[in-house]
Protein chains: 2
Amino acid sequence: MPDADTPSRRGLVILYTGNGKGKTTAALGLVMRAWGHGLRCCVIQFIKSERGRWGETRAAERMGIAWHALGAGFTWQSENLEHDRARAQEGWTLAQTEILSGNHDLIVLDEFTYPLRYGWLDAGEVVAWLRDHRPPEMHLVITGRDAVDELMALSDLVTEMCAIKHPYDTGLAAQRGIEF
Amino acid sequence: MPDADTPSRRGLVILYTGNGKGKTTAALGLVMRAWGHGLRCCVIQFIKSERGRWGETRAAERMGIAWHALGAGFTWQSENLEHDRARAQEGWTLAQTEILSGNHDLIVLDEFTYPLRYGWLDAGEVVAWLRDHRPPEMHLVITGRDAVDELMALSDLVTEMCAIKHPYDTGLAAQRGIEF
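Before going further, it helps to spend a moment on the relation of the copies chain A and chain B. For the pair chain A and chain B, the superposition axis carries a translation of 0.0 Å, the fit reaches an RMSD of 0.0 Å, and the rotation angle comes to 180°. Considering both components of the superposition, the chain copies are consistent with a two-fold axis. The overlap is high: 100% of the interface residues of chain A also sit at the interface in chain B, so the same surface is used on both sides.

Okay, here's the thing in structure tokens:
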């Protein structure tokens, strides 16, 4: 529930894009900050698969944050385009349901840039729907590389995460608690 | 306590820099992810002042995460350089104490780039100390604009947050739960 002493809360659309690390991580930080203020948060992950080992899903469970991971079904192969389109549509329908539910003050659509970039969903239709149906006080956070122009135009805040140096460059494996 | 089934954890030094939004926010996301894995986290904020209204400090309290906010004392005025140097040295001494304490698996030095960039601390000495004294399994996360070269060299992972579009551009005020 929003804090009662915030007279004119205006929901923001926040986009974290770019090829660097920190996009999903920054979305998690927003969730933590909003949760600290008592806002009700929901995370929908479009690409990452459901895996109990992710630190963020364990944290969300402990914090009572709604969490959906949809990624297991995508093939990313052109011969399965219709399959991936169907999976993306399922995820988008879920996202629409959650946005309209009245249950959340902040929703993260993690890695949502890809279904739009790859044409699994129609970017124009998705963005038009968000303009018309997102409750004005709801914050929406979208992450992923290669955001389409329609998403850039929709967003109030866009940060591009630029990779300057990556631990894989120096031969380090992904570290639990940091990268997953 | 680190998960027992992680045989070869190697602490990373992670730097979020650049002029865009999301640096402190991404550090918070790392804290949430690490906390989900049961890692013990500590946040030291060098510039931001202690204010009960911050969502992240409220969240940290609920999550049992150690938190220090040191920023109230800085003047940023050249005529008070010695004062700011003394405040920065106090913060750095606290950071050294926490790093050596054995109590933390991940430490965030939020906005730590500024004391180095502005010469309140000697960047060469600070980085040399971190190279020599940081426990090898400890993750260290540093945020702030204008990171000095010594910090870039120390870090395993560097992401530059680049401002593409900012809500202030469109006349929107800072929103509780998102920006603080």
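This part covers the interface of chain A and chain B. On the chain B side, the residues contacting the 46 residues of chain A number 47 residues. Among the elements of the structure, α1 (23–36), α2 (55–63) and β6 (157–165) of chain A are those that each provide at least two residues to the side of chain A that touches chain B. Here the side of chain A that touches chain B takes eleven residues from α1(A), the largest share from any one element. Among the residues making up the side of chain A that touches chain B, the classes are represented as 20 nonpolar, 15 polar and eleven charged. In this structure, β6(A) lies alongside strand β6 (residues 157–165) of chain B, joined through seven bridges in antiparallel fashion. Paired with A:Thr159 across the two strands is B:Ala163, which belongs to β6(B).

Read across the sheet, twelve strands follow the order β3(A)-β2(A)-β4(A)-β5(A)-β1(A)-β6(A)-β6(B)-β1(B)-β5(B)-β4(B)-β2(B)-β3(B) without closing on themselves; strand pairing throughout is mixed. The strands lining the two open edges of the sheet, one partner per strand, are β3 (66–69) of chain A together with β3 (66–69) of chain B. For this sheet, the mean angle separating the axes of adjacent strands, direction not counted, is 15°. In the sheet, strand β4 (residues 106–110) of chain B pairs with strand β5 (residues 139–143) of chain B via four bridges, with the strands oriented parallel. By the bridge assignment, B:Ile107 is partnered in β5(B) with B:Leu140. Against the sheet, helix α3 (residues 81–100) of chain A touches β2 (41–45), β3 and β4 (106–110) of chain A, its axis set at about 170° to β2(A). Lying on the sheet, helix α3 (residues 81–100) of chain B is in contact with β2 (41–45), β3 and β4 of chain B; it crosses β2(B) at an angle near 170°.

Each value, and the rule that gives it
Residues numbered from 1 in each chain as written. Chains lettered and ligands numbered in written order. Predicted model: local features only at pLDDT ≥ 70, side-chain atom pairs only at ≥ 80, totals over all residues. Least-squares fit on C-alpha atoms with pLDDT ≥ 70 in both. Contact = placed C-beta atoms within 7 Å. Helix = DSSP H or I, 4+ residues; strand = E, 2+ residues; numbered from the N terminus. Nonpolar A, V, L, I, M, F, W, Y, C, P; charged D, E, K, R; others polar. Pairing = 2+ DSSP bridges. Axes fitted to C-alpha atoms, helices over the stretch in contact; angles between N-to-C directions.

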